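Descriptive structure summary
Listed here are the chains, written in short residue letters.
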Amino acid sequence: MKLSRLLMLCCFAASGAWAGEAAHGAHWEYDGHNGPARWGEMNKEYEVCGLGKHQSPIDIRKTEMKVDLPELAFDYAASPLKIVNNGHTVQVNLDAGGGVKIGDHVYRLAQFHFHTPSEERIQGKPADMVAHLVHKDAAGKLAVVAVLVKRGKENAALKAVFDNMPIAAGPVHGVEGLAINAADLLPAKRGYYHFEGSLTTPPCSEGVSWYVLSTPVEASAAQIKAFRGLYKHNARPVQPLNGRNVVERAG
Ligand SMILES: [Zn+2]
């Protein structure tokens, strides 16, 4: 299966998620009978959710500080606001959102979406939410930049998104006259934790490079509550490291 197809199945669009589930007759959830512990058995294509050794998310505890890690050279741009409630999260699709250069890789930003609480933990602790910015390079390799969100002041960058969240799952919905620039979502400091992992939703495909920014951004209690009104809990539990190293770039 090609990565582009995996991206569609995982979380690219409502139509992709629904088509995938309808075809397999399996409807994965975050809790209960079809929860994360069972994803790997739900159908053959989700097998790596149970058998994979480089799964995400993880609890970031021991890190190795490195001075030669590349900076995240963001080159994001404003793109018309296209938003979808895909039944698992609220996602913003970007047709012209720019990208990020990491070392020799140039990645294009395809979409970002949210989880609550954050899937990734730092020293065992989740943040209130996380935004996952999903990028793809020309060869189809995925890189996800995770921006942790903690309760604080209102997040102006997310206002347009949170004010326009579709309350029920459905098709992608363009918001007339509004654009979003993912650059506005980023904290000023760009230090990160890096490791190799996977998609955090079925089919849990591996070969995904993760960059978890060490500095969180803030969102108001009302904004977090608005998202939790749609998705109270949409976080996969942390997965074993299985010998992986987490490297850290100061910032
Ligand atoms: Zn995610």
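Residues numbered from 1 in each chain as written. Predicted model: local features only at pLDDT ≥ 70, side-chain atom pairs only at ≥ 80, totals over all residues. Heavy atoms only, no water.

Some details on the coordination of the zinc ion
The zinc ion binds to the protein through H113 (NE2), H115 (NE2) and H132 (ND1), with metal-donor distances spanning 2.0 to 2.1 Å. Each donor residue of the zinc ion lies on one chain, and together they are spaced H-x1-H-x16-H. Taken together, the residues span a long stretch of sequence, with H113 in strand 7 (residues 105–115) and H132 in strand 10 (residues 129–137) at a distance of 19 residues. This pair shows no difference in class: H113 is buried, exactly as H132 is. (Donors = N, O, S within 2.8 Å, 3.2 Å for Na, K, Ca; no water. Helix = DSSP H or I, 4+ residues; strand = E, 2+ residues; numbered from the N terminus. Buried < 20%, exposed > 50% of the residue type's maximum accessible area, 1.4 Å probe, protein only.)

Remarks on the layout of surface pockets
A volume near 190 Å³ is recorded for the largest pocket. Forming the boundary of the largest pocket are K150, K153, E154, N155, A156, A157, D184, L185, L186, P216, V217 and E218. When residues of the lining of the largest pocket are traced back to their parent elements, those giving at least two are helix 5 (156–162) and strand 15 (217–219). Its residues assigned to classes, the lining of the largest pocket shows six nonpolar, one polar and five charged. (1 Å grid on protein atoms, 1.4 Å probe; cavity = no way out; pocket = protein on both sides within 12 Å on 5 of 7 lines; lining within 4 Å. Points joined across faces, edges and corners; volume = space filled by probe spheres on them. Nonpolar A, V, L, I, M, F, W, Y, C, P; charged D, E, K, R; others polar.)

Some details on the state of the cysteines
Inspection of the entire model under this criterion finds one disulfide. A disulfide bridge connects C49 with C204, and the sulfur atoms are separated by 2.1 Å. Judged by the torsion about the S-S bond (90 degrees), the C49/C204 disulfide is right-handed. In this pair, C49 sits in helix 4 (residues 47–51) while C204 sits in the loop between strand 13 (192–198) and strand 14 (206–213), placing the two residues 155 residues apart along the sequence. (Disulfide = S-S within 2.5 Å.)

Some details on the nonpolar core
L72, V92, F112, F114, L133, V147 and V161 are the most contacted members of the largest nonpolar core, which has 42 residues in total. A total of five residues in this core trace back to one element, the largest contributor, which is helix 5. When neighbours within four sequence positions are excluded, V92 is seen to be in contact with L81, K82, I83, A110, Q111, F112, V161 and I180. In this structure, L142, A146, L199 and V208 belong to the second largest nonpolar core, which totals 16 residues. (Core = buried A, V, L, I, M, F, W, Y, C linked by side-chain atoms within 4.5 Å. Contact = heavy atoms within 4.5 Å.)

Here we look at the confidence of the model for the protein chain
Predicted confidence across the protein chain gives a mean pLDDT of 91, with 90% of residues reaching 70 or more. Confidence over residues 1–24 falls short of pLDDT 50; this stretch has 56 contacts with residues more than four positions distant or in other chains. (pLDDT = per-residue confidence, 0-100.)

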